[in-house]
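Coordinate inspection notes
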Amino acid sequence: MKLAMGIDSSTQGMKAVLIAPKEGGIIASESVNFGRDLPEYESPEGVLRNADPLIKHSDPLMWVKALETLFEKMRKNKFPLGDVSVICGCGQQHGSVYLNGLFPEIISARESSIPLSKRLEPALSRKTSPVWMDSSTTKQCEILSKKIGMAEIRRRTGSPPVERFTGPQIMKFFTDEKAKYNETKFIHLVSSFMCSALCGKSSPADYGDAAGMNLLNIETLDWDDEICSVTAPDLKSKLPRPVISTTIAGTISDNFRKYGFSSKKSKIVVWTGDNPASLVGTGGASGESAVISLGTSDTFFAAMRSPKTDPEGYGHVFGNPAGGFMSLICFKNGSLAREKIKEKCGVDWDYFGLSAFEKSAPGNNGNIMLPYFVPEITPLVMKRGVKLFGSAKFVSGKAGKDEKIRAIVESQMLRMKLHSSWLGEKFKKIKITGGGSQSPGICQVAADVFDACVETISIPDSAALGAAIIAACAEGDFSFSEMSAKFAKPVSKIVPNSGNVKIYRALLDKYAEFEKNQNLS
Ligand code: XUL
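Here the structure is a predicted model, which means the values were calculated and not measured.

**Regarding the packing of helix 12 (residues 274-281) against helix 18 (residues 462-474)**
For the pair helix 12 and helix 18, the least separation of the axes is 7 Å and the interaxial angle reads 75 degrees. Relative to helix 18, helix 12 is oriented roughly perpendicular. Side by side, helix 12 and helix 18 meet where D274, A277, S278, V280 and G281 of the first sit next to S462, A463, L465, G466, A467, I469 and I470 of the second. When grouped by side-chain class, the residues that make up the contact of helix 12 with helix 18 number seven nonpolar, four polar and one charged.

Shown next as structure tokens:
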């Protein structure tokens, strides 16, 4: 049986899923959690500690080590890796890896007893990688806006200059560490870096993820000369070639053969971003439904026929791996914020996901929480702080646990609805994925706030599944729609409650007002 593998290199861990594209079955999945499995990297939540809450970097060697650990777990558990004919992956978006001239030689080296994660260090011209949670480049965003124009950058790249996007991050590296920037020969996204490691040569970047850099011109689908030269000198020569998502980057490097991959060599497809992969894995790539992904970040996205940009500047345009474009709105206070409230309330996930909703009323008596446990992306909030509005008891923090839990979930859904309104579309169907999608309470709030039928799919990790589907389609035997019909079937449907829909419609205006009146920058 020919198998396809999808790998998701996400913020807090790495997951792999093996599928049988022809037969339509998920064969197996495996995961590595950075905190639990790789404590030596001191990044329990995937990022290195930093006194400045705006700076969020990771060790790129941790990602390579995670890949080796993942394959080793699969080998030990007797996964049929010899039957894997094709592999694709996806990475947390926007993060960047900086490499010197040693990179090609080190990754292409023949099988060695020393793992790649140990040999790669001398190839790093910058030891750490800024990731999507980093908000430290406001100054660089301002420079880009001034030199090219905010609206013009938005028009050309699909997003205004955004703190976490790779272009402003590169500009900051050049300004702060010129010598190291000059030493840099390759700048990769997390996705193209991992793909390079896997196939043993510097890989192209797919349009899906490359569009999250403030550097790709979404009309020409090539790096924008003017924006690149304003960002940093000689930048274009250091960037991977942008290509369509089904491009074969190479075959698996000998570095990874020891885990049991076939001597016929599995093909490696260019990696994409986790959200574009998830669009495919949920079956949202055809545009029939929008997607809510509740992971470390909460995201709302949908396929777009032609690119449309957000006048407020929060929404983005990325590439859809199945062709065309996708919209995306991202919120940093996602699962970690839910986790903080869960811990404060001293409950388990079953209670958080269901009981709390059974014991509290939709609309939460007007109680609202602006959940900025960390600086926020949408809306832009630089100073963390949780703000409470509503009854005196709630505002003083003395409300019961059920009200607090409902407040975080309802507020997260209301802000998603508010900041997706620029799309001007009423979605009748929304696919929901990610850890939070296993909570019936959260799914019902999503259905009621969006007045849409919410569907869950069988595996919560749609990003790894999406990557496996892209891999299978890149081999040429299957189409995206055929694969989605096989793998992204809904397992449950949650219909909106008309009474609750009315309650949330009224609450949305209140939420918008609270958010607008906050000065948290
Ligand atoms: C999207 C974004 C996050 C990361 C991490 O723009 O920043 O969703 O991709 O998942």
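**Thoughts on the environment of K73**
Considering the arrangement of structural elements, one finds K73 in helix 2 (residues 60-76). In the structure, K73 is positioned 414 residues away from F487 in sequence and 24 Å away in space, judged by C-alpha atoms. If sequence neighbours within four positions are ignored, K73 has contacts with E30, S31, V32, R36 and D37.

**Here's the deal with the site of the ligand**
Near the ligand, the surroundings consist of Q92, Q93, H94, W132, R164, D274, N275, S297, T299, F318, L328 and C330. A distance of 3.0 Å is found between an oxygen atom of the ligand and a backbone nitrogen or oxygen belonging to Q93. In the environment of the ligand, an oxygen atom lies 2.5 Å from a nitrogen or oxygen atom belonging to the side chain of D274. For the ligand, the protein covers 97% of the area, taking 290 Å² as the surface of the free molecule. Looking at the shell around the ligand, the elements that each hand over two or more residues are helix 12 and strand 19 (325-331). Tallied by class, residues from the shell around the ligand come to four nonpolar, six polar and two charged. Mapped onto the domain boundaries, the shell around the ligand takes at least three residues apiece from domain 1 (3-270) and domain 2 (281-521).

**Quick word on the domain arrangement of the protein**
As far as domains go, the protein holds domain 1 (3-270) and domain 2 (281-521). One C-alpha centre belongs to domain 1, the other to domain 2, and the line joining them spans 26 Å. Taken together, the contacts link 50 residues of domain 1 with 42 residues of domain 2. Interface area, domain 1 with domain 2, both sides summed: about 3500 Å², of which 69% is carbon and sulfur. The largest per-residue losses of area from domain 1 upon contact with domain 2 belong to W132, R154 and R164, which jointly make up 14% of the total buried on that side. Taken together, domain 1 and domain 2 are joined by two salt bridges. Between K267 and E475 there is a salt bridge, with its nearest N and O atoms 2.9 Å apart. Linking domain 1 with domain 2 are 11 residue pairs in polar contact (both at pLDDT 80 or more), by the criterion used here. Put simply, the parts of the chain that give the side of domain 1 that touches domain 2 at least two residues each are strand 1 (3-9), strand 2 (13-20), strand 3 (25-33), strand 5 (84-91), helix 6 (150-157), helix 10 (207-210) and strand 14 (267-269). In terms of residue count, strand 5 provides more of the side of domain 1 that touches domain 2 than any other element does, six residues in total. Along the lines of polarity and charge, the residues of the side of domain 1 that touches domain 2 split into 24 nonpolar, 18 polar and eight charged.

**Digging into the state of the cysteines**
In this structure the tally under the stated criterion is zero disulfides. No disulfide involves C443; its sulfur sits 11 Å from that of C453, the nearest cysteine. For C443, a relative accessible area of 2% translates into the label buried.

**Some thoughts on the pairing of strand 20 (residues 368-372)**
Here strand 20 lies mainly inside the structure; five of its five residues are buried. Inspection of the sheet shows strand 20 paired to strand 21 (residues 385-389) by five bridges, in the antiparallel sense. Paired with M369 across the bridge in strand 21 is L388.

**Describing helix 9 (residues 190-199)**
Counting buried positions along helix 9 yields 10 of 10 residues, so the element is predominantly enclosed. Looking only at helix 9, the buried set comprises V190, S191, S192, F193, M194, C195, S196, A197, L198 and C199. In the segment just after helix 9, G200 is the residue with positive phi, at about 75 degrees.

The rules behind these values
- As a convention, each chain's residues are numbered from 1 in the sequence order in which they are written.
- Where local features are concerned, this predicted model is filtered to residues with pLDDT of at least 70; where side-chain atom pairs are given and counted, the filter is 80 or more; whole-chain, interface and lining totals use all residues.
- Remark: hydrogens and water are excluded; side-chain values derive from all non-hydrogen atoms of the structure.
- Lines are fitted to the C-alpha atoms to define the axes, a helix being fitted only along its stretch in contact, and any angle between axes, read from their N-to-C directions, falls within 0 to 180 degrees.
- Helical segments are the DSSP runs of H or I of at least four residues, strand segments are the runs of E of at least two, and each set is numbered from the N terminus.
- To sort the angles, those under 35 degrees are grouped as roughly parallel, those over 145 as roughly antiparallel, those from 65 to 115 as roughly perpendicular, and the leftovers as oblique.
- The contact criterion used throughout is that any non-hydrogen atoms of two residues lie within 4.5 Å.
- Residues were grouped as follows: Ala, Val, Leu, Ile, Met, Phe, Trp, Tyr, Cys and Pro as nonpolar; Asp, Glu, Lys and Arg as charged; and all remaining residues, including Gly, as polar.
- We call a residue near a molecule or strand whenever a single non-hydrogen atom of that residue lies within 4 Å of it.
- As used in this structure description, the phrase polar contact means that two N or O atoms lie within 3.5 Å; if the pair is within protein, one of them must be able to donate a hydrogen and the other to accept it, and residues adjacent in sequence are counted only when both atoms belong to side chains.
- Where accessible areas are quoted, they stem from the Shrake-Rupley method and a 1.4 Å probe; at the residue level, only the protein chains shown are allowed to cover.
- For the domains described, the bounds stem from an automatic or database domain assignment.
- The buried area of a pairing is the accessible area, by a 1.4 Å probe, that goes missing from both parts when the two are put together, added over both.
- Here, a salt bridge means any Lys or Arg side-chain nitrogen found within 4 Å of an Asp or Glu carboxyl oxygen.
- Two cysteine sulfur atoms make up a disulfide if the distance between them is within 2.5 Å.
- Buried residues are those whose accessible area, probed at 1.4 Å on protein chains only, stays under 20% of the maximum for their type, while exposed residues exceed 50% and partly exposed ones sit between those limits.
- Following DSSP output, two strands are said to pair if at least two bridges run between them.

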